[in-house]
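Architecture at a glance
The residues making up each chain are set out below.
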Amino acid sequence: QVQLVESGGGLVQPGGSLRLSCAASGRIVSIGTMRWYRRVPGKQRELVATITSSGSTSYADYVRGRFTISRDDGRNTVSLRMNGLKPQDTAVYYCNAFLVTMGWRDFRWGQGTQVTVSS
């Protein structure tokens, strides 16, 4: 079964750092663009960061300079390094990736990981 599994969330104080990881498992041939999104209760899911298969990155204005997205194609993972965390970064973070298998190719979501920034 092909799936994405996030890890690394938790509780951190303002100004602190966290590193989220998302691992794709199953019979995957390749992975295209990978993204991190987040959702605050009562609001729509919003795009945080994107990394293409060639390694090009882009960020939402509210995280640029604080967050860094990276990928390891050998391990089928995407990571999000978050520095200078603020209370407004509190959200459930989701990874999204374009997965290619022998039978299909499509975007898939992980189950989400909670990040709470609070003193």
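Everything discussed here concerns the structure shown above.
Structural notes, computed from the coordinates. Please read all numbers here as calculations on a predicted model, not as lab measurements. The numbering scheme is per chain: residues are counted from 1 as the chain's sequence reads. Side-chain atom pairs in this predicted model are given and counted only at pLDDT of 80 or more, local residue features only at pLDDT of at least 70, and totals for whole chains, interfaces and linings cover all residues. Hydrogens and water molecules were not included; the side-chain quantities draw on all heavy atoms of the structure.

1. Looking at the packing of aromatic side chains
In this analysis, rings of Phe, Tyr and Trp, with Trp reduced to its six-membered ring, are considered paired at centre separations within 6.5 Å, and the interplanar angle assigns stacked below 30 degrees, edge-to-face beyond 60, and tilted for intermediate values. The final tally for this structure, using the stated rule, is two aromatic pairs. Between Phe-98 and Phe-107, the ring centres sit 5.0 Å apart and the planes meet at 65°, which makes this aromatic pair edge-to-face. The class for Phe-98 is partly exposed, based on a relative accessible area of 22%. In this analysis the charged atom, NZ for Lys or CZ for Arg, is taken to sit over a ring once it is within 6 Å of the ring centre and within 35 degrees of the ring normal. Across the ring face of Tyr-94, the terminal group of Arg-45 is positioned such that the distance to the ring centre comes to 4.9 Å. Its end group placed over the ring of Trp-104, Arg-108 keeps NZ or CZ at 4.3 Å from the ring centre. Three labels apply to residues, based on accessible area from a 1.4 Å probe with only protein chains included: buried if under 20% of the type maximum, exposed if over 50%, partly exposed otherwise in between.

2. A short note on the sheet that holds strand E3 (residues 18-25)
Pairing between strands requires that DSSP locate at least two bridges from one strand to the other. Comment: elements are numbered from the N terminus, with helices defined as DSSP H or I runs of at least four residues and strands as E runs of at least two. Taken in spatial order, the four strands make up an open sheet running E1-E3-E8-E7, and their pairing is antiparallel. Pairing within the sheet leaves two strands with one partner each, and these edge strands are strand E1 (3-7) and strand E7 (67-72). Strand-to-strand, the axes of this sheet are offset by a mean angle of 15°, without reference to chain direction. In this sheet, E3 lies alongside E1 in antiparallel orientation, the contact comprising five bridges. Note on E3: the bridge partner recorded for Glu-6 is Cys-22. Axis angles are defined between N-to-C directions and span 0 to 180 degrees, where every axis is a line fitted to C-alpha atoms and, for a helix, only to the segment in contact.

3. With respect to the state of the cysteines
Any cysteine sulfur atom paired with another within 2.5 Å is treated as part of a disulfide. All told, the structure shown has one disulfide when counted by the stated rule. Covalently, Cys-22 is tied to Cys-95 through a disulfide, its sulfur atoms 1.9 Å apart. Disulfide Cys-22-Cys-95: the torsion about the S-S bond is 40°, which places it as right-handed. Here Cys-22, found in strand E3, pairs with Cys-95, found in strand E9 (residues 91-101); they are 73 residues apart in sequence, far enough to count as distant. Comparing Cys-22 with Cys-95, the two get one shared label, buried.

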